[in-house]
Amino acid sequence: MGTYVPNTKEEQHQMLQAIGLNSMEELYDTIPEEVRLKSPLNIPKGMSEMEVARRMRSIAGKNRVFPTVFRGCGAYRHYIPAIVKQVTSKEEFITAYTPYQAEISQGVLQSIFEYQTMICELTGMEVSNASVYDGATAAAEAIIMSKERNRKKALVSATVNPMIIETIFTYLDGTDMELEIIPAKDGLTDIKIFKDKLSSDTACVLIQQPNFYGLLEDCDEVGKMLAGTDIKYIMSCNPISLGILKTPAEYGADIAVGEGQPLGLSLSFGGPYLGFMATTSKLMRRLPGRIVGETKDSQGRRAFVLTLQAREQHIRREKASSNICSNQALCAMTAAVYLAAMGKEGLRRAAVLSMSKAHYLAERLCELEGYNLVYKGEFFNEFVTTVNADTDKILKTLEDHGILGGYPLSNNQILWCATEVNTKEEIDTLISILKEVA
Amino acid sequence: MKLIFEKGNVNRGLDLLPECDVPVYSLNEEYERKSELNLPQVSETEISRHYTELAKRTYGVNNGFYPLGSCTMKYNPKINEEMAKLPEFTDIHPLQPIHTVQGCLEVYRLAEKYLCEITGMDRIDFQPAAGAHGEFTGLKLIWAYHKERNDTKRNKIIVPDSAHGTNPASAAMAGFTVVNVPSTPDGMVDIEVLKTVVGEDTAGFMLTNPNTVGIFEEHILEITGIIHEAGGLCYYDGANLNAIMGVTRPGDMGFDVVHLNLHKTFSTPHGGGGPGSGPVGCKEFLAKYLPSPKITEKDGMLVFEEKDEKSIGRVKDFYGNFLVVVKALTYMMTLGAEGLKDVSMNAVLNANYLMHNLKDIFDIPFGKGRCMHEFVISLEELKKETSVSALDFAKTLLDYGIHPPTMYFPLIVQEALMVEPTETESKETLDEVIEIFREVYSKAHQNPQELHNSPVKAPIGRPDEVAAARNPVIRYKFS
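All values reported here derive from a predicted model rather than from experimental measurement. (Residues numbered from 1 in each chain as written. Chains lettered and ligands numbered in written order. Predicted model: local features only at pLDDT ≥ 70, side-chain atom pairs only at ≥ 80, totals over all residues.)

What chain B contains, in helices and strands, is 15 helices and 12 strands. Computed over C-alpha atoms, the radius of gyration of chain B comes to 25 Å, within 12% of the 23 Å expected from 2.2 N^0.38 for 479 residues, which places it in the range of a compact globule. Dimensions of chain B, computed from the C-alpha atoms along their principal axes, are close to 75 × 65 × 45 Å. Taking all contacts inside chain B whose residues are at least 6 apart in sequence as the whole, residues at least 24 apart take part in 73%. (Helix = DSSP H or I, 4+ residues; strand = E, 2+ residues; numbered from the N terminus. Rg over C-alpha atoms; globule rule 2.2 N^0.38 Å. Contact = placed C-beta atoms within 7 Å.)

Laid out in structure tokens, this is it:
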């Protein structure tokens, strides 16, 4: 049996005697007999570290790592610089608590302050929080923060990732806010319907850029439509794309959110990931979660603290802007180290490479009989094609060659994705394999 | 210290990505970013040194004693970290075909099985990313339960005044109204008041047991009985589970829903504020409302069952903070049934030993000289006598190289310090801490000003929080 209890049985006995007890069981004599467990827990006996490692490796071995991946759909395989993993493995960062004791937490606090700055730069917004759980909860929190006394309806485009929509639905269900989905036309938000639906009780609209199908929405038009109204414009963005794409601020958005996983976080079967949230100074006090601010210490030195805490649950309790407490701090630090390593040029290159590979992939796929782009609009690094056989059969064949193909949207449509890690050779190989499937 | 933006130089950077091996696509100009993107322009050496310097200005469990009450800052075993770095876990796309993710499903299924056993629940769902997220999810189950029974007038969640702030905040977020019940002078739920507040509008009741003053609610069966009798459900906040593993279970105390904090009880690290994992457990009659479909074995393969149409729906992308669950499972496998119970007993022993050696001079208002895994000190008297507050006391501890206890919580205790040593501290550490606490107590009487001025040995002195909130500077401005 492994243990992390340092005290030996003798020491435990000494301590028990010191407090006037004879056995460990006596520690629990305030727990009534009726609720005491009568038998040991039915959990296997503990193991030595070597045995545990062997067991866990054998479990891990039942997973299959695909050397080549053309699947995105909300989780993206990008190159993770070596420095990112090294820095975020530092024990001080891993084992620290939320930085309530600012004097001995300047490292974590400064890293969050730097993260907030980078998210503001990326999105063009004025303020950012220290992170929320993921892209889906970021979108849900943004909708909740847009609520006004007389504006309680959220309009969400049908081209937003369905998982995000479902999460929003769960968050709003049972509250006084209402959700309406605006249908898509040709893979894009139907802006005309959007316009018609705006009313005096609309709190916000949510658009995803690039959208679920990889297409670029006409966010300018949405911006124009909402300019001068009290309706909050929320954009959910892919952070890598912001290396080249127009920022939410340039589109006139009030709140920018997104899934930060592409910024140096591994795929990890879906988590931990990172929700980022940024907004205007005007809405700053409505942001959920932690925010780090700069101030001075008693000696006049630069210092960082958790600030604007009057919004938060430990102060406001049921009146807080959100219940969030623990967030994804180490993931936010990961994103910050990633952005520091990439720099402006590196991020731009990751975006251009991803976009170029995806366009090359699309072009090569469309050379195949029966493969056509389903939507005609401009796209970033994901797109949908028809296929010439049942998607199950196609994807199974690719799997046999060590390739995780695109995500099947139906039995004859696939959502493909490429990033900078996909080489021309991989794409050409994919095409030659697909030629054989029909 | 300088910010990373104040280091480096124009055009400095790393060479990380190759040249483009396909034709470069040029984007339609209307979609192109026009605004400047100011990111650091630094070398790898500078990044490495920058974060090493930040690490030096950070205090983790690895740096020393960390008795944050309610936070269970136990040691984070290295094998957990190593297992969570296996490429067969980190390089798995969440939407891979089911037969290629059998290892991930096995992690979830085993962790579910063990946690069900520890809590006395029938199902566990790992989707929630943190404790508060688990609370929200658990409360939505309660909400769905009443809704299905057309019992929609049940819109109130009862919360003790000693509860964690997340409890009422989560209840409000899930659409409930919060009713606070007071504690008795001995720190327990006031049962007489509880009886008067329950009724036809009671949706549920939230409690952590041992409670936030570190004592076990002895009348727990009566409490959960009162709630059930009134038609409500009982929610267990797992923040303090570290005291009772293998001894008693929320499921046996009458709770219907629980959330656990894997980053507390199950040794996964806090990461400076996350990622955590806040799985929700429930009794069978609530299982249909859970966000995730159940994992079962079918024809020798693990699969997700079809999602129940009564599910409250997902509360997050994908399946939860998977790698955190890998760490927690590694921990449970290492300890086994006996080891888990040993954890709880030693957590309680350490807390009692520490308290016993402080109680002659410190005011410990609850527990009559005994506690579970944590205890609360009140410095109200000390403050009256010496002007030294809980804040001063805490800040002075920083100069002794230890992390202070949780301050000013629970709210029902004036000048509170909440101390949770955890089981991973040795007797000699506790003996040193006892000396330090006693020394600081004497200093408070001899030289209170020194305590008001503390800390002096930390990287910074006390920051001006008022200025930070009044005139918020929450990002660096590039010139």
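What follows picks up the thread again.
Now for the overall build of chain A. For chain A, the helix and strand inventory stands at 13 helices and 16 strands. Classification of the 438 residues of chain A by burial places 60% in the buried group. Relative to all contacts within chain A whose residues are 6 or more apart in sequence, the contacts with residues 24 or more apart total 72%. (Buried ≥ 20, exposed ≤ 12 C-beta atoms within 10 Å, placed from the backbone.)

Residues and elements named next belong to chain A. Entries for chain A in the domain assignment read domain 1 (68–76 + 344–437) and domain 2 (82–339). The interface of domain 1 with domain 2 comprises 20 residues on the first partner and 21 residues on the second. Of all the secondary-structure elements, those providing two or more residues to the side of domain 1 that touches domain 2 are helix H11 (329–366) and strand S13 (382–386). If you tally residues by element for the side of domain 1 that touches domain 2, the top one is H11, at six residues. (Domains from an automatic or database assignment.)

On to the pairing of strand S12 (residues 416–419) of chain B, then. Residue and element names in this part refer to chain B. With burial as the criterion, each face of S12 is covered, one bearing Ala-416 and Met-418 and the other bearing Leu-417 and Val-419. Both strand S10 (residues 375–378) and S12 contribute to a ladder of four bridges, which runs antiparallel. Considered in S12, the bridge of Ile-377 is made with Leu-417. In terms of strand pairing, strand S11 (residues 406–407) meets S12 through two bridges, oriented antiparallel. (Pairing = 2+ DSSP bridges.)

Before going further, it helps to spend a moment on the environment of Ile-244 of chain B. Here Ile-244 of chain B shows up in the loop between strand S5 (233–237) and helix H9 (250–253). What makes Ile-244 of chain B buried here is the crowd of 29 C-beta atoms within 10 Å.

Attention now goes to the sheet that holds strand S8 (residues 232–237) of chain A. In any sheet, the strands associate via hydrogen bonds between backbone groups, in a parallel or an antiparallel arrangement. All names here are of chain A. Reading across from one edge, S2-S10-S9-S8-S7-S3-S4 is the order of the seven strands in this open sheet, with mixed pairing throughout. Looking at which strands have only one partner, the edges of the open sheet turn out to be strand S2 (127–128) and strand S4 (178–182). Of the strand pairs in this sheet, strand S3 (residues 153–157) and S4 are connected by five bridges, and their pairing is parallel. When the sheet's bridge partners are listed, Ala-154 is paired in S4 with Leu-179. Its contacts with the sheet place helix H6 (residues 135–145) against S3, strand S7 (202–209), S8, strand S9 (255–259) and strand S10 (275–279), and it is angled at close to 160° to S9. Sitting on the sheet, helix H7 (residues 162–172) touches S3, S4 and S8, and the angle it makes with S4 is about 160°. (Axes fitted to C-alpha atoms, helices over the stretch in contact; angles between N-to-C directions.)

Here we come to unusual backbone geometry. Residues and elements named next belong to chain B. Put simply, Asn-209 and Pro-210 share a cis peptide bond, and its omega is 0°. On the secondary structure map, Pro-210 appears in the loop between strand S4 (202–207) and helix H8 (220–229). Residue Pro-455 is bonded to the preceding Ser-454 through a cis peptide linkage, with omega at -5°. On the secondary structure map, Pro-455 appears in the loop between helix H14 (448–452) and helix H15 (465–470). The phi torsion at Asp-299 lies on the positive side, around 50°, for a residue other than glycine. Residue position: Asp-299 is located in the loop between strand S8 (295–298) and strand S9 (301–304). Backbone geometry at Ser-387 places phi at a positive 70°, although glycine is not the residue there. Within the secondary structure, Ser-387 sits in the loop between helix H11 (380–386) and helix H12 (390–399).

Moving on, we come to the interface of chain B and chain A. In this assembly, 169 residues from chain B lie in contact with 167 residues from chain A. Residue classes in the side of chain B that touches chain A are distributed as 94 nonpolar, 46 polar and 29 charged. (Nonpolar A, V, L, I, M, F, W, Y, C, P; charged D, E, K, R; others polar.)

A few words now on the sheet that holds S12 of chain B. All names here are of chain B. Taking strand neighbours across the sheet as the criterion, the three strands line up as S10-S12-S11 in an open arrangement whose pairing is antiparallel. The open sheet terminates on both sides in strands that have one partner only, identified here as S10 and S11. This element, H12, spans S11 and S12 of the sheet and lies at about 45° to S12.

This part covers helix H4 (residues 102–119) of chain B. All names here are of chain B. In this model, H4 (18 residues) spans 25 Å end to end at C-alpha, consistent with the 26 Å of a helix rising 1.5 Å per residue. Considered for burial, the residues of H4 that qualify are Gly-103, Cys-104, Leu-105, Val-107, Tyr-108, Ala-111, Glu-112, Tyr-114, Leu-115, Ile-118 and Thr-119. In the stretch just after H4, Gly-120 is the one whose phi turns positive, near 75°. (Expected span 1.5 Å × (residues − 1).)

Moving on, we get to the packing of helix H5 (residues 106–123) of chain A against helix H1 (residues 44–56) of chain B. Packing of H5 of chain A against H1 of chain B leaves a shortest axis separation of 6 Å and a crossing angle of 135°. When the interaxial angle is binned, H5 of chain A and H1 of chain B end up oblique. Facing H5 of chain A, whose interface residues are Gly-107, Gln-110 and Ser-111 of chain A, H1 of chain B presents Leu-54, Ala-55 and Lys-56 of chain B. Its residues placed into classes, the contact of H5 of chain A with H1 of chain B shows two nonpolar, three polar and one charged. (Parallel < 35°, antiparallel > 145°, perpendicular 65-115°, else oblique.)

Here we take up the nonpolar core. Among the nonpolar cores identified, the biggest contains 302 residues, and Ile-143, Val-205, Ile-234 and Val-337 of chain A together with Val-257 and Val-325 of chain B are the most heavily contacted of them. Here this core spans two domains, since at least three of its residues come from each of domain 1 (68–76 + 344–437) and domain 2 (82–339) of chain A. When sequence neighbours within four positions are dropped, the list of residues in contact with Val-337 of chain A reads Ile-83, Val-84, Val-87, Thr-88 and Gly-264 of chain A together with Ile-47 and Tyr-51 of chain B. (Core = buried A, V, L, I, M, F, W, Y, C linked by C-beta atoms within 7 Å.)

Residues and elements named next belong to chain B. In this fold, Thr-119 is placed in helix H4. Between the C-alpha atoms of Thr-119 and Ile-364, which are 245 residues apart in sequence, the distance is 30 Å. Those residues in contact with Thr-119 that sit more than four places away from it in its chain are Arg-249, Pro-250, Gly-251, Val-258 and Gly-281.

Residues and elements named next belong to chain B. For the pair helix H10 (residues 322–356) and helix H13 (residues 427–446), the least separation of the axes is 10 Å and the interaxial angle reads 30°. As summarised for this structure, H10 and H13 are arranged roughly parallel, according to the angle between their axes. Classified by chirality, the crossing of H13 by H10 is right-handed. Judged by residue contacts, Asn-350, Tyr-353 and Leu-354 of H10 engage Leu-430, Val-433 and Ile-434 from H13. (Left-handed = near helix turned anticlockwise from the far one by under 90°.)

Residue and element names in this part refer to chain A. For S3, the tally of buried residues reaches five of five residues, placing the bulk of the element in the interior. On S3, burial covers both faces: Lys-153, Leu-155 and Ser-157 on one face and Ala-154 and Val-156 on the other are all buried. This β-α-β element, S3 to H7 to S4, shows right-handed connectivity. (Right-handed = clockwise from strand over helix to strand, strands pointing away.)

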